[in-house]
Amino acid sequence: MKIKELEKKYPFAVSFFENNHLNLEGYDEYTFEQYLNHFTEEEIEEWAIDIERMKVDFIVYMNQMLAFLGIKEADQVNSLTIIAGKDKYREKEHFETFTIHKGEIVSIVGPTGSGKSRLLADIEWTANKDTPTERRILINDEIPDKKWRFSSSNKLVAQLSQNMNFVMDLTVMEFIELHAKSRMIQNEQEVIKKIIDAANHLAGEKFDLDTPITSLSGGQSRALMIADTAILSTSPIVLIDEIENAGIDRKRALNLLINEEKIVLMATHDPTLALMADKRIVIKNGGIHKVIQTNDREKEVLVELEKMDKMISTFRADLRKGEILKK
C-alpha cells in the first residue's frame, strides 16, 4: 500500500511517522518499505536509523491500533448474502440466495407491515436460522463471526431510522468532534468541514457548526447523520428506513453513501427511490417474494419521475418563500 493510501485508510499511521521524526513529504507514491530503503548509508549512520527495527515497530504499532479500534483486515465486508427462509405462513421464500456487493444500492419495497423491518433486523443481527424467518446471513460468502452480533467495537450495520432526535446539549461541531476523536482521526478539522459541507448539500435549509444539535430540524438531523455515517462510520452496511420522509436531497444522500463504498439497503414507498437502486427486494406476507433487477425501461421511467420530483420540489420551495405558484 502506498503511503498516501495508508494515511487515507488508517489516519493514525501519521502519528507513528511524526513520533519517529520521519519526513514523508514527496514520498506519497512510495510504500513505507520503499521509503525506508531510500536512506543512504551515510544518513542511516548519521541519524542512527535501524531500518529493520523501524519496520517491526511500525507493524506492531499498526496491529495495536487496529486491535484497539476493533478493526481488522478480515473485517472488510465486500459482500452480503441473504439465504432464503420462510414467510409468516411458513412457506419457503421465493428465491434461493441473494448477494449484494460493496457499492451497490438495494431498495426494499412492500406494503406497510409486510416484513421490511424484519429483513433489516435479520441483516443487523446476522441471522443464522435463529430468527422467526429462519433466514441466514453470510458475510463475504461465509458464516459471520459472532463479533458482528456481540462486539460493541465491530458494528456491522449503521441504521438510520425515520426519527432522528438528539438529546445531548452539544453544538454540531462538538458532536462531530466527539465522533472524530473516538475514531482517532488525525485530520479532524478537515473531516469536520467535509461532514458539515456534505450535510448542507443534503439539507433543505443550511446550518453551521455552532448550531445546537437539539435545535436541528428533522431534515437537518437526518442530513447530519447521513454525512457522519458516510464519512466517519466504520460500519460497512447502511440500512435506511423511509429516507423520503427526511426532508433531504435523497439522490445526493445515496451518492454520498455509494462513494464511501458501503452496502446500502433502504426500505421505501417512494417509486423514485425504489428505481434509483440497482435491485429491489419485494416483501410480501413477511417473506421475500421476489428480487428484481432495475431494467432499462424502468430507468427511462426514473428519468420522468425525477423530472416530476424536481417540479414538486420547486413548487414546495416557492410556497415556503410565500410566492404565488404559476403553471
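Conventions used here
Residues numbered from 1 in each chain as written. Predicted model: local features only at pLDDT ≥ 70, side-chain atom pairs only at ≥ 80, totals over all residues. Heavy atoms only, no water. Helix = DSSP H or I, 4+ residues; strand = E, 2+ residues; numbered from the N terminus. Buried < 20%, exposed > 50% of the residue type's maximum accessible area, 1.4 Å probe, protein only. Phe/Tyr/Trp six-rings, centres within 6.5 Å; stacked < 30°, edge-to-face > 60°. Axes fitted to C-alpha atoms, helices over the stretch in contact; angles between N-to-C directions. Parallel < 35°, antiparallel > 145°, perpendicular 65-115°, else oblique. Left-handed = near helix turned anticlockwise from the far one by under 90°. Contact = heavy atoms within 4.5 Å. Nonpolar A, V, L, I, M, F, W, Y, C, P; charged D, E, K, R; others polar. Expected span 1.5 Å × (residues − 1). Pairing = 2+ DSSP bridges. Salt bridge = Lys/Arg side-chain N within 4 Å of Asp/Glu carboxyl O.

Moving on, we come to unusual backbone geometry. Among all residues save glycine, negative phi is the norm, and among peptide bonds the norm is trans. Look at Ala48: it is not a glycine, yet its phi comes out positive at around 55 degrees. One can find Ala48 in the loop between α4 (41-46) and α5 (51-69). Looking at Ala48, the relative accessible area reads 68%, which means it is exposed.

Looking now at the packing of aromatic side chains. Any aromatic ring pair is given by two values, namely how distant the centres are and how the planes are angled relative to each other. In this structure the tally under the stated criterion is 13 aromatic pairs. Ring plane angle 45 degrees and centroid distance 5.8 Å describe the contact between Tyr10 and Phe12, whose orientation is recorded as tilted. Each member of the pair, Tyr10 as well as Phe12, is classed as buried. Where Phe16 meets Phe32, the ring centres are 6.2 Å apart and the plane angle is 80 degrees; that geometry is what we call edge-to-face. One end of the pair, Phe16, is in helix α2 (residues 13-19); the other, Phe32, is in helix α3 (residues 32-36), with 16 residues separating them in the sequence. Each member of the pair, Phe16 as well as Phe32, carries the same accessibility label: buried. Aromatic rings pair up to connect Phe16, Phe17, Tyr27, Tyr30, Phe32, Tyr35, Phe39, Trp47, Phe58 and Tyr61 into one cluster.

Here helix α10 (residues 218-231) crosses helix α11 (residues 250-259) at 15 degrees, and the two axes come no closer than 8 Å. Relative to α11, α10 is oriented roughly parallel. Relative to α11, α10 is oriented so that their crossing is left-handed. Between α10, through Ile226, Ala227 and Ala230, and α11, the contact on the second element is made entirely by Ala253, Leu256 and Leu257. Taken together, the residues of the contact of α10 with α11 sort by class into six nonpolar, no polar and no charged.

Right, let's get into the side chain of Ser79. When you line up the elements, Ser79 lands in strand β1 (residues 79-83). Look at Ser79 and you get buried, because its relative accessible area is 6%. Not counting residues within four places of it along the chain, the set of residues in contact with Ser79 comprises Thr99, Ile100, His101, Leu138, Ile139, Asn140, Asp141 and Ile263.

What follows covers the packing of helix α8 (residues 172-182) against helix α9 (residues 188-202). Two numbers describe how α8 lies on α9: the axes approach to 10 Å, and their chain directions differ by 125 degrees. As judged from the angle between their axes, α8 and α9 are oblique. Regarding α8 and α9, the two cross each other, and that crossing is right-handed. In this structure, α8 contributes Val172, Met173, Ile176, Glu177, Ala180 and Lys181 to the contact, and α9 contributes Glu188, Gln189, Ile192, Ile195 and Ile196. Here the contact of α8 with α9 is built from residues that sort into seven nonpolar, one polar and three charged.

Relative to the 20 Å expected for 14 residues at 1.5 Å per residue, α10 spans 20 Å between its end C-alpha atoms, a close match to the ideal helical length. Among the 14 residues in α10, 13 count as buried, and that is most of the element.

The two faces of the sheet receive side chains in turn, since in a regular strand these alternate between them. A one-sided burial pattern is seen for strand β2 (residues 97-101), the buried positions being Phe98 and Ile100 and the unburied ones Thr97, Thr99 and His101. Bridge analysis of β1 against β2 gives five bridges, and the strand direction is antiparallel. The residue bridging Thr81 from the neighbouring strand is Thr99, located in β2.

This brings us to the pattern of salt bridges. For the coordinates displayed, the defined rule picks out 16 salt bridges. Of the charged contacts in the structure, one is a salt bridge between Asp57 and Arg53, with a shortest N-O distance of 3.3 Å. A residue pair is termed a helical-turn pair when its members lie 3 or 4 positions apart in one helix, as Asp57 and Arg53 do in helix α5 at four residues. On the basis of relative accessibility, which here comes to 28%, the residue Asp57 falls in the partly exposed class. Looking at Arg53, the relative accessible area reads 49%, which means it is partly exposed. In this structure, Arg280 and Glu298 form a salt bridge, with 2.5 Å as the shortest nitrogen-oxygen distance.

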